[in-house]
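Coordinates in review
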Amino acid sequence: MLKNILIKTAELINRDDISSSLKKINSIDEINNDSLSNDITKMISYSNYILSDLFENYIFLNKSQELISDENNRIYYSNFQSTPTKIISVKTISNFNTLFSVNSTFITTNAPNQTYLINYNYLPNELKKLDDCLEIPFGFNIKIICYGIASEFLASKDQFDKSEFWKNRYLYEIFKLKIKKERRLKSTFIK
């Protein structure tokens, strides 16, 4: 839940005022302090920025979906369940690859009014409310998101040294996630 991520981030950057306020409320509208409300709104905005950065550049969420082309051989992105970032393949129902071209608002296929199975990478839905749930892949650590939010939030407060510290932690965690390898020890024999 977004609220839990924001609480953890506030605790990381020693903003006890944000942390304690978030623990007491269920909606941003319940906060009377304008400065605190603005800070939490910024944190929500930065969380969406960090999530789009992560899922566009480093970690890829993948989905397959059946969609029907219109009379002009087009399948509009607005018909997709999630916002696509990359179309991986377009197949017929009988599982044959088909030719397609990617445009800014739609995919062009090679036949009108046909059902296609589209495999694509996508972005999770934008988080707007504190009780919104986050869609993350298995094995993904939430602290990556917290580090990214902390970096962006501190940069907005002109605390660039602290911001850079959290940015480095964010990038290091992404590096660890991307370069996970089994480490095997070389066996040695004593004669």
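Residues numbered from 1 in each chain as written. Predicted model: local features only at pLDDT ≥ 70, side-chain atom pairs only at ≥ 80, totals over all residues. Heavy atoms only, no water.

1. Digging into the environment of Glu30
With respect to the element layout, Glu30 can be found in the loop between helix 2 (16–24) and helix 3 (34–57). The class for Glu30 is partly exposed, based on a relative accessible area of 42%. Here Glu30 is in contact with Lys24 and Ile25, once residues within four sequence places are set aside. Among the polar contacts listed, one links the side chain of Glu30 to the backbone nitrogen of Asn26, at a separation of 3.5 Å. (Helix = DSSP H or I, 4+ residues; strand = E, 2+ residues; numbered from the N terminus. Buried < 20%, exposed > 50% of the residue type's maximum accessible area, 1.4 Å probe, protein only. Contact = heavy atoms within 4.5 Å. Polar contact = N/O pair within 3.5 Å; in protein donor to acceptor, adjacent residues only side chain to side chain.)

2. Quick notes on the side chain of Asp132
By secondary structure assignment, the location of Asp132 is in the loop between strand 6 (115–123) and helix 4 (143–156). Although Asp132 is buried, it makes no salt bridge; Lys129 carries the closest opposite charge, 4.6 Å away. A polar atom in the side chain of Asp132 sits 2.7 Å from the backbone nitrogen of Lys128. Only 3.0 Å separates the side chain of Asp132 from the backbone nitrogen of Lys129, close enough to count as a polar contact. What Asp132 contacts, discounting residues up to four positions off in sequence, is Met1, Leu2, Glu126 and Leu127. (Lys, Arg positive; Asp, Glu negative; His and termini not counted. Salt bridge = Lys/Arg side-chain N within 4 Å of Asp/Glu carboxyl O.)

3. Digging into the sheet that holds strand 6
Read from one edge of the open sheet, 3 strands run 1-6-3, paired in antiparallel fashion. Edge positions in the sheet fall to strand 1 (61–68) and strand 3 (83–92), since each has one partner strand and no second. Strand-to-strand twist across the sheet, computed as the mean angle between neighbouring axes with direction ignored, equals 30°. With 8 bridges connecting them, strand 3 and strand 6 associate as antiparallel partners. Note on strand 6: the bridge partner recorded for Val90 is Ile118. On the sheet, helix 3 packs against strand 1, strand 3 and strand 6 and is oriented at approximately 125° with respect to strand 6. (Pairing = 2+ DSSP bridges. Axes fitted to C-alpha atoms, helices over the stretch in contact; angles between N-to-C directions.)

4. Some points on the sheet that holds strand 5 (residues 106–108)
Taken in spatial order, the 3 strands line up as 2-5-4 in an open sheet, and their pairing is antiparallel. Two strands lie at the open edges of the sheet, namely strand 2 (74–76) and strand 4 (101–102), each paired on one side alone. Here strand 2 runs beside strand 5; their pairing, made up of 3 bridges, is antiparallel. Directly across from Tyr76, in strand 5, lies its bridge partner Phe106.

5. A short note on the packing of helix 1 (residues 2–12) against helix 3
Two numbers describe how helix 1 lies on helix 3: the axes approach to 11 Å, and their chain directions differ by 110°. Our classification of the angle between helix 1 and helix 3 gives roughly perpendicular. Across the interface between the two elements, Leu2, Leu6, Thr9 and Ala10 of helix 1 pack against Ile40, Met43, Ile44 and Ser47 of helix 3. Classifying every residue of the contact of helix 1 with helix 3 by side-chain character gives 6 nonpolar, 2 polar and no charged. (Parallel < 35°, antiparallel > 145°, perpendicular 65-115°, else oblique. Nonpolar A, V, L, I, M, F, W, Y, C, P; charged D, E, K, R; others polar.)

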